[in-house]
Amino acid sequence: MMSESQALETLSREDPEAAGDARAALAWLTGDEGLETISLLRLQEFLWYALPVKWPMSTPGRVGVAKALGRLFLLAGLDRYAGVCSSAGTEKIITAYADGHEEGIAAYTEAIEESNAAPPDTELLAWGSVMGSQERAAYDACAAALELAFASGELSVGARGWRTKRVDIVNRWLTGRPAGDLDGDAEPGQAPGGSPGTDTWLGRISAERIDAWAHGRPGERSRLARGLIPRLLEPPAVPDDPLPTLRWLLGRAGEGLRLTARYYIAPALVTEAVEEFGWRDQLVGTLRQELDVFPLHTLRGMAQTEMGAIRRRSTSLVLTKTGKLMTADPAARWHIGTAALIGPDDGPQPDFSVAVREAALMVILTSGPTGYDELTKQLTDLHGVEGWAAGGAGSGRVGAGRHGTGLHSTGLASAVRTELYALRHRLWALHLLGTERSFSAPLSLTETGVAAALSALLARALRPRHHLGLG
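Residues numbered from 1 in each chain as written. Predicted model: local features only at pLDDT ≥ 70, side-chain atom pairs only at ≥ 80, totals over all residues. Heavy atoms only, no water.

A. Representation of the overall build of the protein chain within the structure. From N to C terminus, the protein chain includes 20 helices and 5 strands. For the protein chain, the proportion of its 471 residues judged to be buried stands at 47%. Intrachain contacts of the protein chain at a sequence separation of at least 6 include 61% that bridge at least 24 residues. About 21,900 Å² of surface is accessible on the protein chain, with carbon and sulfur atoms providing 53% of the total. (Helix = DSSP H or I, 4+ residues; strand = E, 2+ residues; numbered from the N terminus. Buried < 20%, exposed > 50% of the residue type's maximum accessible area, 1.4 Å probe, protein only. Contact = heavy atoms within 4.5 Å. Areas by Shrake-Rupley, 256 points an atom, 1.4 Å probe, with all protein chains shown as cover.)

Right, dumping it as structure tokens:
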């Protein structure tokens, strides 16, 4: 086995051009930190993403860099890494980028998943595709721990229970590994399943995500978020019977909730919900059809599409694995249910509906009950400054872009108001809306609604990031 310098010297005698390529690749991979800092995951990310995307070379030139690096590893006795560099799979992935960036990314993503080098998501943490420095450090540390476990035989792909063991290793590193060797003195926040002040990878990731949520957004949104941080770090206790309407829906789905031939909730069950939750005094009509009872229809939609708690099987709604967990564990029902107030935002671009619901809850928590006209104006200004623009009055299209003409301003205000009404229905569905429910009354929260809004915002702050916009 040769040292790094010996291997480079030998390769220089064999092929000076290949040695230059290997030296450049090694500098990209390790800086000046040496071969011992390389991990399988870091190597794969370089070969399958950085090299084909960020190196301005021809495809044959990139393949040549990979093979030169492989020869260097072979000389240094790193046979496993050498095999990755010189494999037909690596050449195939690099070549895939010649057919288009999306084709290359798809090949890279599939190969990373199949290699099992990347740490999996666990019940404690879902990794973001956009990471801060603390999260990336934890990700690399967990990847190194998994690599060692595979190399030592502790983990073996295909062995009984190997996936569970892999998750257990990641969880141990997230919660039990001191993070004191990391740079910086970031104060850890409260992590799901953890506690404030715990100097662990998980604590530091949580602190980093909360800080990015509070400080990484423009203008008014950031000011509102920063003002709420103390309340998010000490949220109210979970209610004794959290989200009773959701509990009812999950309970009925556990028995197989009957649907009509057109897949709506059966009239007898609609009537039961109307009577149990006092909706008859709040709505007009016979209230026997699901579509006549806005809060029930909204509740079903949230539980089915966003919480993933129920699904349709033939002419019934039944519980999913998540729904069974929410039925058995009131805290899980609370956290998953309240997170749906704002909703998911895990695509490559920010989601306008999510952005409005988040901002609206922050305004109400900061200022108290707020009229729809005032809230619409405030949020229209906020989103206009952030660069959201509607595609014209009545178009229904909203996206990130330059805020322009008066027509676009009108369209943006209309889109904001539409989202406020949707938020109102969500709050109503979960029994969190204040008693004054007319559209002329201010949008307000019950005491439980305030706790739910804080829970939703904390989930938003701690979520994995998948784009750079809006925190």
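So much for the structure itself; the text now carries on.
B. Examining the nonpolar core more closely. Grouped together as the largest cluster of nonpolar side chains are 78 residues, with contacts concentrated most on Trp-213, Leu-246, Trp-279 and Leu-379. No other element matches helix α17 (residues 352-367), which puts 11 residues into this core. Contacts of Trp-279, omitting those with residues within four sequence positions, involve Thr-245, Ala-273, Val-274, Leu-287, Val-293, Pro-295, Leu-296, Trp-428, Ala-429 and His-431. Membership of the second largest hydrophobic core comes to 59 residues, among which are Ala-76, Trp-127, Tyr-139 and Ala-145. (Core = buried A, V, L, I, M, F, W, Y, C linked by side-chain atoms within 4.5 Å.)

C. Just the pattern of salt bridges, in detail. Applying the stated criterion across every chain yields a total of 22 salt bridges. Between Arg-172 and Glu-154 there is a salt bridge whose closest N-O contact spans 3.8 Å. Placement of the pair is Arg-172 in helix α9 (residues 162-176) and Glu-154 in the loop between α8 (133-152) and α9, with a sequence separation of 18 residues. Judged by relative accessible area, Arg-172 falls into the partly exposed class, the value being 49%. On the basis of relative accessibility, which here comes to 45%, the residue Glu-154 falls in the partly exposed class. In this structure, Arg-223 engages Glu-220 in a salt bridge whose closest nitrogen and oxygen atoms are separated by 2.6 Å. Note that Arg-223 and Glu-220 are positioned in helix α11 (residues 219-233) at a spacing of 3 residues, about one turn of the helix. Look at Glu-220 and you get partly exposed, because its relative accessible area is 28%. (Salt bridge = Lys/Arg side-chain N within 4 Å of Asp/Glu carboxyl O.)

D. Structural context of the pairing of strand β3 (residues 316-319). Relative to β3, strand β1 (residues 257-258) is paired through 2 bridges, and the arrangement is antiparallel. Looking across to β3, one finds that Arg-258 is bridged to Ser-316. (Pairing = 2+ DSSP bridges.)

E. Fine view of the sheet that holds β3. Ordered by their spatial adjacency, 3 strands build an open sheet running β1-β3-β2, and the pairing between neighbours is antiparallel. Two strands lie at the open edges of the sheet, namely β1 and β2 (310-313), each paired on one side alone. Strand direction decides the pairing type here: β2 and β3, joined by 4 bridges, are antiparallel. What sits directly across from Arg-311, in β3, is Val-318. Along the sheet, helix α12 (residues 244-254) makes contact with β1, β2 and β3, crossing β3 at roughly 105°. (Axes fitted to C-alpha atoms, helices over the stretch in contact; angles between N-to-C directions.)

F. Layout of the packing of aromatic side chains. Per the stated rule, a full pass over the model turns up 11 aromatic pairs. Relative to Phe-46, the ring of Trp-28 has its centre 6.5 Å away and its plane inclined at 50°; by these criteria the two rings are tilted. With Trp-28 in helix α2 (residues 16-30) and Phe-46 in helix α3 (residues 40-54), this pair connects stretches of sequence that are 18 residues apart. Classification of Trp-28 as partly exposed rests on a relative accessible area of 44%. Through a chain of ring-to-ring contacts, three or more aromatic side chains come together here, namely Trp-28, Phe-46 and Trp-55. Arg-312 extends its terminal NZ or CZ atom over the ring of Tyr-263, reaching a point 3.8 Å from the ring centre. (Phe/Tyr/Trp six-rings, centres within 6.5 Å; stacked < 30°, edge-to-face > 60°. Lys NZ or Arg CZ within 6 Å of the ring centre and 35° of its normal.)

G. Region of interest: helix α20 (residues 447-462). Taking 1.5 Å per residue as the helical rise, α20 with its 16 residues ought to reach 22 Å, and the 23 Å between its terminal C-alpha atoms agrees with that figure. Burial runs high along α20: 12 of the 16 residues are buried. Among all positions in α20, only Gly-449, Ala-451, Ala-452, Ala-453, Leu-454, Ser-455, Ala-456, Leu-457, Leu-458, Arg-460, Ala-461 and Leu-462 are buried. (Expected span 1.5 Å × (residues − 1).)

H. Structural context of the side chain of Arg-465. For Arg-465, the position within the fold is in the segment after α20. For the buried Arg-465, no salt bridge exists, and the shortest N-O distance to an oppositely charged side chain is 6.8 Å, to Glu-135. (Lys, Arg positive; Asp, Glu negative; His and termini not counted.)

I. Structural detail: the packing of helix α16 (residues 330-342) against α20. The contact between α16 and α20 brings their axes to 8 Å, and the two run at 80°. It follows that α16 is roughly perpendicular to α20 by the angle criterion. Each of Trp-334, His-335, Thr-338, Ala-339, Leu-341 and Ile-342 in α16 lies in contact with α20, whose residues at this interface are Thr-448, Ala-451, Ala-452, Ala-453, Ser-455, Ala-456, Leu-457, Ala-459 and Arg-460. Residue classes in the contact of α16 with α20 are distributed as 10 nonpolar, 4 polar and 1 charged. (Parallel < 35°, antiparallel > 145°, perpendicular 65-115°, else oblique. Nonpolar A, V, L, I, M, F, W, Y, C, P; charged D, E, K, R; others polar.)

J. Highlighting the side chain of Arg-221. The residue Arg-221 is located in helix α11 in this model. Within the structure, Arg-221 has its side chain in polar contact with the side chain of His-383 (distance 2.9 Å). (Polar contact = N/O pair within 3.5 Å; in protein donor to acceptor, adjacent residues only side chain to side chain.)

K. View of unusual backbone geometry. A positive phi is found at Leu-243, a non-glycine position, where the angle reads about 50°. Looking at where Leu-243 falls in the secondary structure, it is placed in the loop between α11 and α12. In this structure, His-431 is a non-glycine residue whose phi angle is positive, near 65°. Mapped onto the secondary structure, His-431 falls in the loop between α19 (406-429) and α20.

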